[in-house]
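Next come the chains, spelled out residue by residue.
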Amino acid sequence: MLVCPLDCWDICVMDKKDNKFIPTNKGVTNNYLCYKLNNYFKFPKYNIEFNLGEVEKVLKSVEPKRILFLKGSGNLGIMQNITKLFFEKLGATFAVGSSCDGKGEEGIIEAVGDTHILPLKTIKEAKNIIIWGRNPYITNTHLIPYLKNKNIITIDVRYTDTAKHSNVFYQIKPNSDIFLAKYLITKDKKFLKYTGLDKVDELEKVLDESIILLGLGVAKNSYGDKTTHTISALNRPTAFLGNSGEGIYNPFSFTPKNSMPLFEIEWDKIDLVFIQGANPLVSLPSFKIPKDKKVIVFGKYLDETAKRADIFIPTKDFYAKKDVRSSYFHEFMFINEPTDDDFGISEYEFTKEMYKRFNFEGLLSEDEYIRQIYKPVREVSKAKKAKYIDFKIDYKDTTYLVTAKNKTSLNSQFKRDSFAYMYDYEGKAILETKVGYLEVEVKKDTTIPKGIVFMYAGSEVNKIISSKGKNATYSEEVICKRL
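Residues numbered from 1 in each chain as written. Predicted model: local features only at pLDDT ≥ 70, side-chain atom pairs only at ≥ 80, totals over all residues. Heavy atoms only, no water.

Asker: Help me understand the overall build of the protein chain in this model?
Answerer: Within the protein chain, the secondary structure is distributed over 15 helices and 25 strands. A compact globule built from 483 residues would reach a C-alpha radius of gyration of about 23 Å, and the protein chain, at 22 Å, matches this within 12%. In terms of overall dimensions, the protein chain has a C-alpha envelope of 65 × 50 × 45 Å along the principal axes. Evaluated residue by residue, the protein chain yields a buried proportion of 58% over its 483 residues. Pairs at least 24 apart in sequence give 71% of the contacts found in the protein chain among residues at least 6 apart. Of the roughly 21100 Å² of accessible surface on the protein chain, 47% is carried by carbon and sulfur atoms. (Helix = DSSP H or I, 4+ residues; strand = E, 2+ residues; numbered from the N terminus. Rg over C-alpha atoms; globule rule 2.2 N^0.38 Å. Buried < 20%, exposed > 50% of the residue type's maximum accessible area, 1.4 Å probe, protein only. Contact = heavy atoms within 4.5 Å. Areas by Shrake-Rupley, 256 points an atom, 1.4 Å probe, with all protein chains shown as cover.)

This is the structure we're talking about:
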């Protein structure tokens, strides 16, 4: 039995026959697979001969603290994190933070203690569901059966596929979600005006009998944590990207001795970057690696970062290695049992070999780690009650660059869409933010509201997006110069 490891709300369970995945009805799969899995083998791995002796030599040539370990989320199998044990023993510096949900997660943890999931039973039994800044018809397709015959209210900055299937749709101005939440709590009309809405009668009517499914869209700005904190203060059963580690023992979860914020790397203190399962030169906002730094990439594709590497270590594909997977959507876990062999080396095999070469002790067997981690059904706690705080926000009603996930890509993997989309223009344009410039091809899309330049994530757009500290923010003020 194979379990999809991709960074996605769903965990699809499948079989493999030749170069094709066959969906099952296990978990939430419902005999359906997404574009990425149906076209998986059209995007071949980069298989190149590698020498772990060379890796050892390079690692030993650098002061451990001057080695930056950066792990991405290209594969969310829990066993992928075992490499952290080696780099912690080595004394490397960890790049800590999130290119995804970290900003929104901060606010929810402060408000209610953790980013709890909502058990599927809660979603099944709900009559009214508010989908806020989330587009499950594209990003969480296995949630769709649970939305049937419900009263669905969608809140978003654009008319999404989910909005099309909703009973009520409220289109709000970008980055104004916090003001809508403030209005719903205080009933003060001054907050509603920021959203571009005159009234939200249907939302107010059912709010006290609703659950809320939150997406990244509410938190893609510098005050995203304050937005999720305020929405949490509505004190309705709410699910953001849940803590996939809740209710389990994770031997790879710890606070590293040495770390740097992901978006504030002190490059003068780093000589070597070891990158695992990531393409940060594309998928991280404004991320650059100085030319004088050595780079080792442990990954799958010959992407932009792999081309920059001095050494590339090909990982085995997920169907060729044991793993265990948890979800940030639901409470179920699955063990991935390999069906084929593959060129390369697994994360466990790499860690075991490095332990041996560096004379480290204490590594357990692969099966023992999986035994410790795996629970068929995770225990999920209830959120504590949140207190409303009247956060002061410096809101600008201007043109924003807005990004979202695409159904044909994931981070920078698979089939990217590098076009920009605008309400009333088609042709070439230059997008200017405080970070820099990007020339793009614009397509006209009347579902994109005025005041927004829309692009899909995982493309060149990240070159003109800024972030500070540990967690990424993706919304930028933008000037669009039409050519």
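Asker: Would you mind showing me how to read the pattern of salt bridges here?
Answerer: Two side chains carrying opposite charge are able to pair once their charged atoms lie near each other. For the structure on display, the rule yields 28 salt bridges. For Lys316, the salt bridge goes to Asp341, with nearest N and O atoms at 3.5 Å. Of this pair, Lys316 sits in the loop between strand E14 (311–314) and strand E15 (323–325) while Asp341 sits in the loop between strand E16 (334–336) and helix H14 (347–357), and the two are 25 residues apart along the sequence. Given a relative accessible area of 11%, Lys316 falls into the buried group. (Salt bridge = Lys/Arg side-chain N within 4 Å of Asp/Glu carboxyl O.)

Asker: For this particular structure, what's the right way to read the packing of aromatic side chains?
Answerer: Aromatic ring pairs: the centre-centre distance and the angle between the two ring planes describe each pair. Throughout the structure, instances matching the rule amount to 35 aromatic pairs. A ring pair is formed by Phe86 and Phe358, whose centres lie 5.2 Å apart and whose planes are at 65°; its orientation type is edge-to-face. One end of the pair, Phe86, is in helix H3 (residues 83–90); the other, Phe358, is in the loop between H14 and helix H15 (366–373), with 272 residues separating them in the sequence. In this structure Phe358 comes out as buried when scored by relative accessible area, which is 13%. Between Tyr194 and Tyr395, the aromatic rings sit 5.9 Å apart at their centres with planes inclined by 85°, giving edge-to-face as the arrangement. (Phe/Tyr/Trp six-rings, centres within 6.5 Å; stacked < 30°, edge-to-face > 60°.)

Asker: Teacher, can you tell me more about unusual backbone geometry here?
Answerer: Note on backbone geometry: most residues besides glycine have negative phi, and most peptide bonds are trans. The backbone of Asn149 shows a phi angle near 60°, a positive value even though the residue is not glycine. Secondary-structure assignment places Asn149 in the loop between helix H6 (136–139) and strand E7 (151–156). The backbone of Asn175 sits at a positive phi, close to 65°, despite the residue not being glycine. Positionally, Asn175 belongs in the loop between strand E8 (168–171) and helix H8 (177–186).

Asker: Can you walk me through H8 in this structure?
Answerer: For an α-helix, 3.6 residues make a turn, and residues three or four places apart therefore share a direction. The buried fraction of H8 is high, at eight of 10 residues. All of the buried residues along H8 are Asp177, Ile178, Phe179, Leu180, Ala181, Lys182, Tyr183 and Leu184. Lining the buried residues of H8 we find strand E6 (128–132), E7, helix H9 (189–192), helix H10 (201–206) and helix H11 (224–232).

Asker: Even after reading the chapter, I still don't get the sheet that holds strand E11 (residues 259–261), so can you show me in this structure?
Answerer: Hydrogen bonds between backbone groups are what pair the strands of a sheet, and the pairing can be parallel or antiparallel. Taken together, six strands build an open sheet; the order of strands is E11-E5-E4-E12-E13-E14 and the sheet is parallel. Each edge of the open sheet is held by one strand with a lone partner, namely E11 and E14. Sheet twist, expressed as the average angle between the axes of neighbouring strands with direction ignored, equals 20°. Where strand E13 (residues 294–299) lies against E14, four bridges are found, and the strand directions are parallel. Within the sheet, the bridge partner assigned to Phe298 lies in E14 and is Ile313. Against the sheet, H3 contacts strand E4 (67–71), strand E5 (93–96), strand E12 (272–276) and E13, and its axis sits at roughly 165° relative to E4. (Pairing = 2+ DSSP bridges. Axes fitted to C-alpha atoms, helices over the stretch in contact; angles between N-to-C directions.)

Asker: What am I meant to see in empty space enclosed by the protein here?
Answerer: A probe as big as a water molecule, rolled over the atoms, marks out the empty space that is left. If you walk through the whole model with that rule in mind, you get five cavities of 30 Å³ or more. Counted as a void, the largest cavity has a volume near 190 Å³. Lining the largest cavity are 19 residues, and of these Cys8, Cys34, Lys36, Ile138 and Thr139 lie nearest its centre. When residues of the lining of the largest cavity are traced back to their parent elements, those giving at least two are helix H1 (35–38), H6 and strand E18 (409–410). Each residue belonging to the lining of the largest cavity can be placed in one class, and the counts come to nine nonpolar, six polar and four charged. Considered as a void within the structure, the second largest cavity measures approximately 60 Å³ in volume. Together, Val3, Cys4, Pro5, Asn75, Gly77, Phe318, Asp323, Val324, Arg325 and Asn336 line the second largest cavity. No other element matches E15, which puts three residues into the lining of the second largest cavity. Looking at side-chain class alone, the lining of the second largest cavity contains five nonpolar, three polar and two charged residues. (1 Å grid on protein atoms, 1.4 Å probe; cavity = no way out; pocket = protein on both sides within 12 Å on 5 of 7 lines; lining within 4 Å. Points joined across faces, edges and corners; volume = space filled by probe spheres on them. Nonpolar A, V, L, I, M, F, W, Y, C, P; charged D, E, K, R; others polar.)

Asker: Please clarify how the sheet that holds strand E2 (residues 13–17) should be interpreted in this entry.
Answerer: Spatially, E1-E2-E3 is the arrangement adopted by the three strands of the open sheet, whose pairing is antiparallel. Two strands close off the open sheet at either side, each with one partner strand: strand E1 (2–3) and strand E3 (20–23). As paired strands, E1 and E2 are joined by two bridges and run antiparallel to one another. Note that in E2 the partner of Val3 across the bridge is Val13.

Asker: What should I look at first to understand the side chain of Asp114 in this one?
Answerer: Secondary-structure assignment places Asp114 in the loop between helix H4 (102–112) and helix H5 (120–125). Residue contacts for Asp114: discarding those within four places in its chain leaves Ile108, Ile109, Asn243 and Glu246.

Asker: Explanation requested: the nonpolar core in the structure shown.
Answerer: Nonpolar side chains tend to gather and get buried jointly when the protein is soluble and globular. Core analysis: the largest hydrophobic core is formed by 66 residues, its most contacted members being Ile123 and Trp132. Among the elements that take part in this core, H8 stands out by supplying six residues, more than any other. With 37 residues, the next largest nonpolar core counts Ala95, Ile270, Val297 and Val442 among its residues. (Core = buried A, V, L, I, M, F, W, Y, C linked by side-chain atoms within 4.5 Å.)

Asker: How do you make sense of the packing of helix H2 (residues 52–60) against H14 when you look at a structure like this?
Answerer: Between two packed helices, the angle of one axis relative to the other and the distance separating the axes together describe the packing. Where H2 contacts H14, the axes come no closer than 11 Å and their chain directions differ by 60°. With respect to H14, the element H2 is oriented oblique. Where H2 crosses over H14, the two elements pack in a sense that is right-handed. Two secondary-structure elements touch here, H2 through Leu52, Gly53, Val55, Glu56, Leu59 and Lys60 and H14 through Phe350, Glu353, Met354 and Arg357. Of the residues assigned to the contact of H2 with H14, the class counts are five nonpolar, one polar and four charged. (Parallel < 35°, antiparallel > 145°, perpendicular 65-115°, else oblique. Left-handed = near helix turned anticlockwise from the far one by under 90°.)

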